[in-house]
Amino acid sequence: MFNRIFNSQTKTVTFAAILIGLSSAISRILGLIRNGLLAGYFGTKTEANIYLAAFRIPDLVYNVLIVGGLAVAFLPLFSEYFTKNKEKAWEMTNYVLNIFLFLLILTSLVLFFLAPQLMEIIVPGFSPQDRALTVVLARIMFLSPIFFGMSNIFSGILQYFNRFLVYSLAPILYNLGIIFGILFFYPTFGLLGLAYGVILGAFCHWLVQIPAAINSGFSYRFLFDFKYPAIKKIFYLMIPRTFTVAAQQINLLVITAIASTIAGGIAIFNYANDFQYFPIGIIAIPFAIAVFPTLSKAWASNDKEKFLEQFSLAFRHILFLIIPISLLMFILRAQIIRLVLGTLGPQEFDWPATKLTAACLGLFSIGIFALAFIHLISRAFFSMQDTKTPTLIAVGAVILNIILSFNFVRLLKFPNFIQDFLRAILKLEGMENISVTGLPLAFSLSVIFQFILLLFFFYKKIGDIKLIEIWRSLSKIIIASILMILFTYFTLYFSANFVNTKTVFGLSLQTVLAGAVGGFVYILITFLLKSPEFETFKYSILRQFQSKS
């Protein structure tokens, strides 16, 4: 029975997205526990800085080579091969596995020897002793990209065969490995134990997927040839995506540099940015990942109708969930920030910081819908083996974000009508310097620009994307959202007369009550309007647990 559950296949894209969303939520909660343990053990002392600095180079390898390329290039190619010839698909998998294992080991070895010189650039402020310990930890952590590289190839296999249960366990085990390292390795091995925990997590991320991959038909063979046709094609697909990741990293560096000129700017921006990615992580990314193999298989089979049907379905589901959540985040932004950040250290995180962070979250909320669809549309392009178009658009959006960030921050340092408008709508009256809000404003406008361009070129390439169905769903979502906003605001202000919002309990009660009422109204109205998304969710869950006759 365990084997049957462990190797079970999801029967619909919607249930796969639900499964990945739940695992993502669990993984993110474990991430909070992990960070809480790190803070509990080390706070912001030297040990924490050494551990986090040691992550930088292995994380760069992971993002550029694996997330930036292999993760999106392998699955479409595997789909193409498997559709034509199953044996050739498994042959291609072994070539890719062996060659990328070789490249990752080679890269890690080179960086292993260059680590001392690289750390002089990355952490010039460390003492020689601290820098030496950072080098040791980084060298241990260079094993993690190797495990992640192999793991992502198996992830592509499991996605193709809809084995999302095992796939969804991998990130959970990764965080559990790190937590295990903090609790059990650190007392024995000291700071090196934290690095051992990272390696344990990465190893489990790979290990848990092996049985299901074998069950799907994979068997290992040592096949190695850089001239194998699929290798050249994977590199061709990887290169544009790698530029996208590099551009995003530069974007973050520039934003950090700008924020560093504002008192508390880096912390405020990053706190708000972390909240922005929570709904993206549990809604947008799961749907994009879940539909990716289906789109890849449909395109490889020249089944355009199924391709468009699945894309439209995922688009409408994201729309159905992301719009109300982003609106609730905007309305309840101050309560969310105060509860999560203000109650942890009231002496450190004061009211002005709360107001500015809440304002930044509000501005981020404007672009959450666009950021959500960027993940879906980009993967639709990847499934068509087109990584060039989304890459060029992403680079353009990064350039726009940098230009807008510089200009908005500079503009908001002086009195003008834009500053007055933001003060009024974001409740920042009395705040002397609100220039940090220019960063999330620039980010939201740039991702909206990126979304519009992606949708335009996708429509131009594929033709009709069932816009009538999308509009029907959107019109019902808009009506339900307007009523949700009204009831949420009413509950928020009405409950303030009966609870003491200056206490954690009172503030929690007010926030939960307002959010629950708003969510209930949204669900009720969309149900009364007979939104098709309800039936799809219900059908997907029931079908998954129906026994075969």
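Nothing here was measured: the structure is a model prediction, and the numbers come from that model. (Residues numbered from 1 in each chain as written. Predicted model: local features only at pLDDT ≥ 70, side-chain atom pairs only at ≥ 80, totals over all residues. Heavy atoms only, no water.)

Caption draft 1: Structural detail: the overall build of the protein. Within the protein, the secondary structure is distributed over 20 helices and zero strands. Every one of the 549 residues in the protein was classed for burial, and the buried ones make up 53%. Intrachain contacts of the protein at a sequence separation of at least 6 include 84% that bridge at least 24 residues. Accessible area for the protein stands at about 25,400 Å²; split by element, carbon and sulfur atoms hold 69% of it. (Helix = DSSP H or I, 4+ residues; strand = E, 2+ residues; numbered from the N terminus. Buried < 20%, exposed > 50% of the residue type's maximum accessible area, 1.4 Å probe, protein only. Contact = heavy atoms within 4.5 Å. Areas by Shrake-Rupley, 256 points an atom, 1.4 Å probe, with all protein chains shown as cover.)

Caption draft 2: Main features of helix α12 (residues 304–331). In this model α12 runs 40 Å from its N-terminal to its C-terminal C-alpha over 28 residues, within 8% of the 40 Å that 1.5 Å per residue would give. Most of α12 sits inside the fold, with 20 of its 28 residues counted as buried. (Expected span 1.5 Å × (residues − 1).)

Caption draft 3: Molecular detail of the side chain of glutamine 419. Of note, glutamine 419 is situated in helix α16 (residues 417–425). From its side chain, glutamine 419 meets the backbone oxygen of leucine 412 in a polar contact 2.7 Å long. In this structure glutamine 419 touches Leu412, Lys413, Phe414 and Ile434, once residues within four positions along its chain are discounted. (Polar contact = N/O pair within 3.5 Å; in protein donor to acceptor, adjacent residues only side chain to side chain.)

Caption draft 4: Broad picture of the packing of aromatic side chains. Applying the stated criterion to the full structure yields 39 aromatic pairs. On the numbers, 5.4 Å between centres and 80 degrees between planes, the contact of phenylalanine 112 with phenylalanine 113 is edge-to-face. For phenylalanine 113, a relative accessible area of 60% corresponds to the exposed category. Judged by centre distance (5.5 Å) and plane angle (50 degrees), the rings of phenylalanine 320 and tyrosine 522 are tilted. A residue pair is termed long-range when its members are at least 10 positions apart, and phenylalanine 320 in helix α12 and tyrosine 522 in helix α19 (residues 504–528) qualify at 202 residues. (Phe/Tyr/Trp six-rings, centres within 6.5 Å; stacked < 30°, edge-to-face > 60°.)

Caption draft 5: Fine view of the pattern of salt bridges. All told, the structure shown has five salt bridges when counted by the stated rule. A salt bridge links lysine 88 to glutamate 91, with the nearest nitrogen and oxygen atoms 3.5 Å apart. Taken together, the residues span about one helical turn, with lysine 88 and glutamate 91 both in helix α4 (residues 86–122) at a distance of three residues. Overall, lysine 88 belongs to the partly exposed group, its relative accessible area being 42%. A salt bridge links aspartate 386 to lysine 461, with the shortest nitrogen-to-oxygen separation between them at 2.9 Å. Here aspartate 386, found in the loop between α14 (351–383) and α15 (388–411), pairs with lysine 461, found in helix α17 (residues 438–462); they are 75 residues apart in sequence, far enough to count as distant. Residue lysine 461 is classed as partly exposed on the basis of its relative accessible area, which comes to 41%. Salt bridges sharing partners connect three or more residues here, namely Glu80, Lys84 and Lys233. (Salt bridge = Lys/Arg side-chain N within 4 Å of Asp/Glu carboxyl O.)

Caption draft 6: The arrangement of the confidence of the model for the protein in detail. Chain-level pLDDT for the protein is 81 on average; 83% of the residues reach the 70-or-more range. Considering only residues more than four positions removed or in separate chains, one finds that residues 344–348, a stretch of pLDDT under 50, has zero contacts. (pLDDT = per-residue confidence, 0-100.)

Caption draft 7: Spatial organisation of a nonpolar patch on the surface. A contiguous nonpolar patch, built from Phe102, Leu106, Val110, Leu114, Tyr220, Phe222, Phe224 and Phe226 and spanning about 780 Å² of accessible area, is present on the exposed surface. Tracing the sequence through the fold places leucine 106 in helix α4. Accessibility expressed as a relative area gives 41% for leucine 106, which makes it partly exposed. (Patch = residues over 30% accessible without salt bridge, like charges linked within 9 Å, V, L, I, M, F, W, Y side chains within 5 Å.)

Caption draft 8: Structural view of the nonpolar core. Grouped together as the largest cluster of nonpolar side chains are 75 residues, with contacts concentrated most on Phe307, Phe311, Phe373, Leu376, Ile377, Leu439 and Phe458. Sorting elements by how many residues they give to this core places α14 first, with 17 residues. Apart from the residues lying within four places of it in its own chain, the contact partners of leucine 376 are Ala288, Val291, Phe311, Ala314, Phe315 and Ile318. Counting 68 residues, the second-largest nonpolar core is a separate cluster that includes Ala73, Met119, Met141 and Ile231. (Core = buried A, V, L, I, M, F, W, Y, C linked by side-chain atoms within 4.5 Å.)

Caption draft 9: Geometry of unusual backbone geometry. In this structure, asparagine 302 is a non-glycine residue whose phi angle is positive, near 60 degrees. As for its placement among the helices and strands, asparagine 302 is situated in the loop between α11 (265–300) and α12. On the accessibility criterion, asparagine 302 (71% relative accessible area) is exposed. Phi is positive for lysine 530, close to 60 degrees, though the residue is something other than glycine.

Caption draft 10: How the structure looks around the packing of helix α7 (residues 164–189) against helix α8 (residues 192–207). Look at α7 against α8: their axes get within 7 Å of each other, and the N-to-C directions meet at 155 degrees. Of the possible angle classes, the one that applies to α7 and α8 is roughly antiparallel. For the element pair α7 and α8, the recorded crossing hand is right-handed. Between α7 and α8, the contacting residues are Ala170, Pro171, Leu173, Tyr174, Gly177, Ile178, Phe180, Gly181, Ile182, Phe185, Tyr186 and Phe189 on the first element and Leu192, Gly193, Leu194, Tyr196, Gly197, Val198, Leu200, Gly201, Ala202, Cys204 and His205 on the second. Counted by class, the contact of α7 with α8 contains 17 nonpolar, six polar and no charged residues. (Axes fitted to C-alpha atoms, helices over the stretch in contact; angles between N-to-C directions. Parallel < 35°, antiparallel > 145°, perpendicular 65-115°, else oblique. Left-handed = near helix turned anticlockwise from the far one by under 90°. Nonpolar A, V, L, I, M, F, W, Y, C, P; charged D, E, K, R; others polar.)

Caption draft 11: A look at α15. Taking 1.5 Å as the rise per residue, α15 with 24 residues should run 34 Å; its terminal C-alpha atoms sit 34 Å apart, in good agreement. Burial in α15 covers these residues: Pro390, Thr391, Ile393, Ala394, Ala397, Val398, Asn401, Ile402, Leu404, Ser405, Phe408 and Val409.

Caption draft 12: Highlighting the environment of glutamate 80. Summarising the element assignment, glutamate 80 is placed in helix α3 (residues 46–84). Sequence spacing of glutamate 80 and alanine 300 is 220 residues, and the spatial spacing of their C-alpha atoms is 5.1 Å. If near-sequence neighbours (up to four positions away) are discounted, glutamate 80 is found in contact with Lys233, Ala300 and Gln385.

Caption draft 13: Here's a closer look at the packing of α15 against α17. Close contact between α15 and α17 brings their axes to 8 Å; oriented N to C, the two are set at 155 degrees. Taken together, α15 and α17 sit at an angle that is classed as roughly antiparallel. Crossing angle aside, the handedness with which α15 passes α17 is right-handed. Counting all contacts with α15, which are made through Thr389, Pro390, Ile393, Ala394, Gly396, Ala397, Leu400, Asn401, Leu404, Ser405, Phe408 and Val409, the residues of α17 involved are Gly438, Leu439, Leu441, Ala442, Phe443, Leu445, Ser446, Phe449, Gln450, Leu453, Leu454 and Phe457. A breakdown of the residues in the contact of α15 with α17 according to their chemical character gives 17 nonpolar, seven polar and no charged.

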